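Inside the fold
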Amino acid sequence: MEPLLLPHIHNYHKIDVYESRGGYQMLRKALSMKPDEVTDEVKKSGLRGRGGACFPTGLKWSFMPKQTDKPKYLCVNGDESEPGTFKDRQIFEYNPHLLIEGILIASYAMGVHTAYLYVRGEYNHWIKLVQKAVDDAVAKGYLGQNILGSGFTLNLYLHRGAGAYICGEESSLMNSLEGERGYPRVKPPFPAQFGLWGCPTTINNVETIANVPIILQMGAEAYSKIGAPKHPGPILVGVSGHVNKPGVYEMPTGVPLTEIIEKYAGGVTGGKTIKAVIPGGSSTMVLRGEALAGVTMDFEGLKAAGSSVGTAGLIVMDDETDLIRVITRITAFYHHESCGQCTPCREGTGWMHKLLKRFETYEATAEDIDLLLDVANNIEGNTVCALGDAAAWPVQSFIRQFREEFEKRVAPRSAAREPETLSATA
Amino acid sequence: MFSEQQVKRIEELKAHYQHPKSVILEALWMWQDEHGWVSEEGMKAVAEVLGVPYHHVYGVVTFYTMYNRAPVGKHKIEVCTNISCMLRGSDRVLEHLQKRLHVKTGETTPDKKFTLVEAECLGSCGTAPMMQIGDAYHENLDEAKVDKILSELK
């Protein structure tokens, strides 16, 4: 497949080069259509969100009310903080105008006149690159008042975060944009009814929005035939860990994980065998290396394998990897990033980390395995946002898939301490 | 206090949002870029220029990790130790920096030139291990590369 999101064209990030290759023509096309026709085209394409939840994008857009006296907003989520994920940064650097064109088309379809691009604070270098692209688009009349003489107006503002994984959660992102602490909100009400400042709002991931001009270019019919039928389109897969050529690779959805590792990422370092793979960023469920045959990188393929696409951040671990150390580090991350609003997540992530440290140092008891699982099970589903689930799933799946690794770390009987209850002050 | 030029910029930014509170993060960035950290004076200045209560600004500052709540060295070195970097040797990078700078993680060198901290995933997993210094990402690190980067920092 020819790359569509990250085409190999020199200086494509420059507006002149982008225009010379047909850039901003899809904006013209969209402006000649009725807004609902644009949404229908995105619906027909089968595009699903690339930010982790795989929600159908056109359907999400259609939730925005048609008749309202309030302003409507689009928030584009470039918080990109899920460990193992580094794809949106490639779009910022190599194809910012595709993103801007996508934002324009999406805004036109939903009747939005103000859009925000929220980018994690650490990406300041890339914020400057995208701001330059936005300024160039304004200068050429693609953004601002009466765009291309159509009467349509869109202002696009970049908003820099300041270090908080949770702000990638859509309601937390809105609170952060409002200048609040980035606490997630209880849903319902959903953002399309009550979003930014209580107004109808849609939040889409950067890569999702970058797919929109491609859909108009190819037509929904042709787009829907790329890759996996129920989760079509090009997808940016980030491969990291023990591979020879880590990096972001564009491919159709539905490519087998083994092919991604062998063909795209050059195979496992040192020719070792694979012990474990996390397919879609650190919160997705881990898979055993020997169970990868036939598993494909798409919504259905990974669901059938007991995991999920997430952000398509594939982390490969070879047969010498200390998986207890890995899950302890992942859990430390979720403990650090828990916003503290919900008790099960605030306390539970710390308890899980404390328990895992026992396994790391060979001080655990046999009962600690089920205690750890019990804590994870009591976090899952009991929090305002999905961070609790994201913290529980890796722990649950590491125990389910690699219980023997935990058993190996139990202290010898004589050295084992008396069972104790967990203190809240980990 | 913010300069006249900074206040002008803040006024421009206020027009982008329904409420001036939305400019808190950016105003804090402006303060930190100039002073290196966000002091009580900084929070008060942000509260005043935006017309929001001081306690609200304090609440925001303490939620986010990137605002320095105390002075840091001229160069803040943030080493990612999350999973993808860990799998590719971030331990070695961190240990090497500790030895070279004679500091533990979280400490500043006596000459106030370097502060060494661990960071969560910085979105550079394909070029791991990595560290961030200021806005710059330094990727695919090994000991020799770290030495070279340190020697080039004034």
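Let us look at the structure shown here. Not measured: the values here are computed from a predicted model.

**Quick look at the overall build of chain A**
- Secondary structure summary: chain A contains 17 helices and 11 strands in total.
- Summarising its shape, the C-alpha atoms of chain A cover approximately 80 × 45 × 35 Å along the three principal directions.
- Buried residues in chain A amount to 61% of all 426 residues.
- Looking at chain A alone, contacts between residues at least 24 apart form 71% of all its contacts between residues at least 6 apart.
- As displayed, chain A has an accessible area near 15900 Å², and 53% of this comes from carbon and sulfur atoms.
- Here chain A holds 43 positive side-chain charges and 48 negative ones, and the gap between their average locations is 3 Å.

**Looking at the nonpolar core**
- Judged by nonpolar contacts, the single largest core of 81 residues is most densely connected at Phe406(A) and Tyr64(B).
- When residues of this core are assigned to domains, at least three fall in each of domain 1 (4-63) and domain 2 (75-153) of chain B.
- Non-local contacts of Phe406(A), meaning those with residues more than four positions away in its chain, are made with Ile324(A), Ile327(A), Leu356(A), Phe359(A), Ile369(A), Leu372(A), Phe398(A) and Ile399(A).
- Listed in part, the 70 residues of the second largest apolar core include Tyr12(A), Ala109(A), Ile209(A) and Met130(B).

**Focus: helix α2 (residues 24-35) of chain B**
- For α2(B), which comprises 12 residues, the first-to-last C-alpha distance of 16 Å matches the rise-based estimate of 16 Å (1.5 Å per residue) to within 8%.
- Ile24(B), Leu25(B), Ala27(B), Leu28(B), Trp29(B), Met30(B), Trp31(B) and Gln32(B) are the residues of α2(B) that are buried.
- Those residues of α2(B) hidden inside the fold are in contact with β3 (155-160) and α8 (170-177) of chain A together with α1 (4-14), α3 (40-50) and α4 (54-61) of chain B.
- Gly36(B) sits one or two positions beyond α2(B) and adopts a positive phi of about 90 degrees.

**What about the interface of chain B and chain A?**
- Each partner contributes to the interface: chain B provides 40 residues, whereas chain A provides 61 residues.
- Here chain B packs against chain A, burying approximately 3900 Å² in sum over the two surfaces, 54% of which is carbon and sulfur.
- Summed over the shared surface of chain B and chain A, the number is five salt bridges.
- Mapped by element, the contributors of at least two residues to the side of chain B that touches chain A are α2, α4 and α5 (83-87) of chain B.
- Considering only residue class, the side of chain B that touches chain A consists of 17 nonpolar, 16 polar and seven charged.

**Description of the packing of aromatic side chains**
- Applying the stated criterion across every chain, the model contains 26 aromatic pairs over all chains.
- Each ring, one from Phe2(B) and one from Trp31(B), has its centre 5.6 Å from the other, and the planes form 85 degrees; the classification is edge-to-face. With a gap of 29 residues between them, Phe2(B) in the segment before α1 and Trp31(B) in helix α2 connect regions that are remote in the sequence.
- Of the residues examined, Phe2(B) reaches a relative accessible area of 10% and is grouped as buried.
- Among the aromatic side chains, those forming a connected cluster through ring pairs are Tyr73(A), Tyr116(A), Tyr157(A), Trp197(A) and Tyr17(B).
- Its end group placed over the ring of Phe299(A), Arg48(A) keeps NZ or CZ at 4.2 Å from the ring centre.

**Looking at the pattern of salt bridges**
- Counted according to the given criterion, the structure contains 37 salt bridges over all chains.
- In this structure, Glu139(B) engages Arg89(A) in a salt bridge whose closest nitrogen and oxygen atoms are separated by 3.2 Å. Of this pair, Glu139(B) sits in the loop between β4 (136-138) and α7 (143-152) while Arg89(A) sits in helix α5 (residues 88-94), placing the two residues on different chains.
- A single salt-bridge network, built from bridges that share partners, covers Arg50(A), Lys87(A), Asp88(A) and Glu207(A).

**Some thoughts on the sheet that holds strand β7 (residues 234-241) of chain A**
Residues and elements named next belong to chain A.
- Here five strands make up an open sheet; going across it, the order is β8-β7-β11-β9-β10 and the pairing mixed. The open sheet is flanked by β8 (247-252) and β10 (287-288), the only strands paired with a single partner.
- Across four bridges, the pairing between β7 and strand β11 (residues 313-318) is parallel. Following the sheet pairing, Gly241 is matched in β11 by Val316.

**A short note on the pairing of strand β1 (residues 75-80) of chain B**
Residue and element names in this part refer to chain B.
- Counting buried residues in β1 gives six out of six residues, a clear majority hidden from the surface.
- Residues of β1 alternate between two faces, with His75, Ile77 and Val79 on one and Lys76, Glu78 and Cys80 on the opposite face, all of them buried.
- As judged from the six bridges shared by β1 and strand β2 (residues 114-119), these two strands associate in the parallel manner. Within β2, the position partnered with Ile77 by the bridge is Leu116.

**Looking at the packing of helix α3 (residues 35-45) of chain A against helix α6 (residues 96-110) of chain A**
All names here are of chain A.
- In contact at an axis separation of 7 Å, α3 and α6 are set at 120 degrees when each is read in the N-to-C sense. Classified by the angle their axes make, α3 and α6 are oblique. In this structure, α3 meets α6 at a crossing whose hand is left-handed. Seen from α3, the contacting residues are Pro35, Val38 and Thr39; seen from α6, they are Ile105, Tyr108 and Ala109.
- For the contact of α3 with α6, the residue count by class is five nonpolar, one polar and no charged.

**A closer look at the environment of Ala47(B)**
Residue and element names in this part refer to chain B.
- Positionally, Ala47 belongs in helix α3.
- Relative accessible area serves as the criterion here: at 6%, Ala47 is assigned to the buried category.
- A sequence separation of 36 residues divides Ala47 from Ile83, and the C-alpha atoms of the two residues are 38 Å apart.
- Setting aside chain neighbours within four positions, we find Ala47 in contact with Val52, Pro53, Tyr54 and Val57.

**A short note on the environment of Gly163(A)**
- With respect to the helices and strands, the residue Gly163(A) is situated in the loop between β3 and α8.
- Measuring from C-alpha to C-alpha, the distance between Gly163(A) and Glu337(A) comes to 9.7 Å, with 174 residues separating the pair along the chain.
- Setting aside residues no more than four positions away along its own chain, Gly163(A) makes contact with Glu122(A), Tyr64(B), Thr65(B) and Met66(B).

**Observations regarding the packing of α2(B) against α3(B)**
Residue and element names in this part refer to chain B.
- Following both chains from N to C, one finds α2 and α3 inclined at 135 degrees, their axes separated by 10 Å at the closest point. By the angle between their directions, the pair α2 and α3 is classed as oblique. Note that α2 runs across α3; the crossing there is right-handed. Between α2 and α3, the contacting residues are Ile24, Ala27, Leu28 and Trp31 on the first element and Glu41, Gly42, Ala45, Val46 and Leu50 on the second.
- Within the contact of α2 with α3, the residues separate by chemical class into seven nonpolar, one polar and one charged.

Parameters and conventions
Residues numbered from 1 in each chain as written. Chains lettered and ligands numbered in written order. Predicted model: local features only at pLDDT ≥ 70, side-chain atom pairs only at ≥ 80, totals over all residues. Heavy atoms only, no water. Helix = DSSP H or I, 4+ residues; strand = E, 2+ residues; numbered from the N terminus. Buried < 20%, exposed > 50% of the residue type's maximum accessible area, 1.4 Å probe, protein only. Contact = heavy atoms within 4.5 Å. Areas by Shrake-Rupley, 256 points an atom, 1.4 Å probe, with all protein chains shown as cover. Lys, Arg positive; Asp, Glu negative; His and termini not counted. Charge placed at Lys NZ, Arg CZ, Asp CG, Glu CD. Core = buried A, V, L, I, M, F, W, Y, C linked by side-chain atoms within 4.5 Å. Domains from an automatic or database assignment. Expected span 1.5 Å × (residues − 1). Buried area = accessible area lost by both parts, 1.4 Å probe. Salt bridge = Lys/Arg side-chain N within 4 Å of Asp/Glu carboxyl O. Nonpolar A, V, L, I, M, F, W, Y, C, P; charged D, E, K, R; others polar. Phe/Tyr/Trp six-rings, centres within 6.5 Å; stacked < 30°, edge-to-face > 60°. Lys NZ or Arg CZ within 6 Å of the ring centre and 35° of its normal. Pairing = 2+ DSSP bridges. Axes fitted to C-alpha atoms, helices over the stretch in contact; angles between N-to-C directions. Parallel < 35°, antiparallel > 145°, perpendicular 65-115°, else oblique. Left-handed = near helix turned anticlockwise from the far one by under 90°.

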